[in-house]
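Residue-level listing of the chains:
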2 protein chains.
Amino acid sequence: MAGLCDTETMRVLHHPTRKSLRLSKVMHALSDPVRLSIVRSLAVRGEQPCGTFGLSVAKSTASHHFRVLREAGVIQMRAEGTQYINSLRREDLDSRFPGLIDAVLGATGPV
Amino acid sequence: MAGLCDTETMRVLHHPTRKSLRLSKVMHALSDPVRLSIVRSLAVRGEQPCGTFGLSVAKSTASHHFRVLREAGVIQMRAEGTQYINSLRREDLDSRFPGLIDAVLGATGPV
DNA sequence: CCTATTGTTCGATATAACTAGAACAATAGT
DNA sequence: ACTATTGTTCTAGTTATATCGAACAATAGG
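Residues numbered from 1 in each chain as written. Chains lettered and ligands numbered in written order. Predicted model: local features only at pLDDT ≥ 70, side-chain atom pairs only at ≥ 80, totals over all residues. Heavy atoms only, no water.

### Some words on the protein's contact with DNA strand D
Phase 1 of the analysis: As a matter of local geometry, DNA strand D sits amid 24 residues, with Cys 50 and Ser 63 of chain A together with Ala 58, His 65 and Thr 82 of chain B nearest to it.
Phase 2 of the analysis: Near-protein atoms of DNA strand D (within 4 Å) split between backbone and bases, with sugar and phosphate holding 61%.
Phase 3 of the analysis: At 2.8 Å, a backbone N or O of Cys 50 of chain A approaches a phosphate oxygen of DNA strand D.
Phase 4 of the analysis: Between a phosphate oxygen of DNA strand D and a side-chain N or O atom of His 65 of chain B, the distance comes to 2.5 Å. (Near = heavy atom within 4 Å. Polar contact = N/O pair within 3.5 Å; in protein donor to acceptor, adjacent residues only side chain to side chain.)

Right under this line is the structure:
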C-alpha cells in the first residue's frame with residue numbers, strides 16, 4: 001500500500017506541457033490506426049489501463065503506441081499499482097487545437 | 001494551344017474518391033510541417049501552382065509533399081500549361097471529416 | 001526548332017517508424 | 001519469499017519517410 005505520492009519510487013513518465021504541444025506531432029500521433037482506436041476507446045469508455053483495449057499487437061508494440069501518444073501530449077498516463085491508467089488530455093487538446101479531437105472522434109468510415 | 005480535354009496527352013494524376021478517403025492517411029498527410037504550410041496557404045490564398053508556396057525544400061522534395069497530399073485526398077491538382085494548379089478539397093474533407101480542416105487551420109502556435 | 005519554365009520521376013542516402021521477442025522492473029497477493 | 005500481473009525497455013529486423021541532385025517530360029514562346 002503505497003502512499004499517494006511516493007516520489008522516490010514512482011516511475012517517471014514524460015508528458016509535454018499544454019503550451020509545448022505541437023500540431024504536427026499530435027497529427028502524427030493520430031495517424032496510426034492502432035493509436036486512433038486507443039483514442040476513441042478512451043473517449044468512449046473513459047480512462048483505462050493499457051491491457052483493456054483489445055489491441056491486436058504485441059505487448060511491446062502497444063507500449064510503443066502508448067508512448068507515442070503520451071509524448072505527443074494526446075494522452076496522460078499515471079501509474080497505479082502494477083498498471084498504467086490512460087486518459088485523454090481533452091482539455092489541453094481542446095485548448096490548443098479547438099475542434100480537432102471532436103473531428104477525429106466524429107469521423108466515420110474505415111480508419 | 002491544347003483543347004480543354006486532350007485526354008490522350010493529359011498527364012494522369014491519381015486522386016482518391018471522397019468515399020475512399022481514410023482518416024489515418026489524411027492525418028499522416030497533415031503531420032508534416034511543410035505539408036501543413038501548403039494546406040494553410042491554399043486555405044488563405046486559394047488555389048495556386050506548386051512554385052508559389054515559398055517552400056524551403058528542393059523541387060523534388062516539394063513534389064513529393066504535393067504527391068502525399070494529393071494521394072491522401074487533401075488537395076486536388078490539375079495540369080494547366082506547364083504548371084499544376086493545387087486546391088484544397090474542402091468539400092470532400094468537410095463531408096467525410098467534419099471540422100477537421102477547420103481545426104487544423106484554426107490551430108495557433110508553432111507547427 | 002530551340003529555349004526557358006514548371007514540375008515529375010529516378011536513384012540514392014539517411015532518418016524515423018512499426019513490429020516483435022526476450023529480459024527487466026514494480027507491484028499485489030499468497 | 002515466491003509467484004502472477006502489468007507494462008516497460010532493449011535489441012533487432014523490416015518498412016516507410018524525407019531529402020536531394022540529375023535526368024526527363026510537357027508546354028509556352030520566340
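### Some words on the confidence of the model for chain A
Phase 1 of the analysis: A residue-level look at chain A finds 91% of positions with pLDDT of 70 or above and a mean pLDDT of 93.
Phase 2 of the analysis: Confidence over residues 1–8 of chain A falls short of pLDDT 50; this stretch has 0 contacts with residues more than four positions distant or in other chains. (pLDDT = per-residue confidence, 0-100. Contact = heavy atoms within 4.5 Å.)

### Examining the pairing of strand β3 (residues 83–88) of chain B
Residue and element names in this part refer to chain B.
Phase 1 of the analysis: Bridge count between strand β1 (residues 48–49) and β3: 2 bridges; the pairing is antiparallel. Paired with Pro 49 across the two strands is Ile 85, which belongs to β3.
Phase 2 of the analysis: Bridge count for strand β2 (residues 75–80) against β3 is 6 bridges, and the pairing is antiparallel. By the bridge assignment for β3, Glu 80 is matched with Gln 83.
Phase 3 of the analysis: Where β2 folds back onto β3 in an antiparallel hairpin, the turn is made up of 2 residues, including Gly 81, whose phi is positive at roughly 65°. (Pairing = 2+ DSSP bridges. Helix = DSSP H or I, 4+ residues; strand = E, 2+ residues; numbered from the N terminus.)

### Things to note about the environment of Arg 70 of chain A
Residues and elements named next belong to chain A.
Phase 1 of the analysis: The residue Arg 70 is located in helix α3 (residues 59–72) in this model.
Phase 2 of the analysis: Linking Arg 70 and Gly 51, residues 19 residues apart in sequence, is a C-alpha distance of 16 Å.
Phase 3 of the analysis: Residues in contact with Arg 70, not counting those within four places in the same chain, are Leu 13, His 14, His 15, Pro 16, Ile 75 and Met 77.
Phase 4 of the analysis: Within the structure, Arg 70 has its side chain in polar contact with the backbone oxygen of His 14 (distance 2.9 Å).

### Section: the pattern of salt bridges
Phase 1 of the analysis: Summed over all chains, the structure comprises 14 salt bridges over all chains.
Phase 2 of the analysis: We note a salt bridge from Glu 47 of chain A to Arg 78 of chain A, for which the minimum N-O separation is 3.1 Å. Pair noted here: Glu 47 of chain A is in the loop between α2 (33–45) and β1 (48–49) and Arg 78 of chain A is in strand β2 (residues 75–80), with a separation of 31 residues, a long-range link.
Phase 3 of the analysis: Relative accessible area serves as the criterion here: at 46%, Glu 47 of chain A is assigned to the partly exposed category.
Phase 4 of the analysis: Assessed through its relative accessible area of 34%, Arg 78 of chain A is described here as partly exposed.
Phase 5 of the analysis: Residue Glu 71 of chain B is joined to Arg 67 of chain B by a salt bridge in which the shortest nitrogen-to-oxygen separation is 3.3 Å. A residue pair is termed a helical-turn pair when its members lie 3 or 4 positions apart in one helix, as Glu 71 of chain B and Arg 67 of chain B do in helix α3 (residues 59–72) at 4 residues.
Phase 6 of the analysis: Residues joined in a network through salt bridges with shared partners are Arg 18, Arg 89 and Asp 92 of chain A. (Salt bridge = Lys/Arg side-chain N within 4 Å of Asp/Glu carboxyl O. Buried < 20%, exposed > 50% of the residue type's maximum accessible area, 1.4 Å probe, protein only.)

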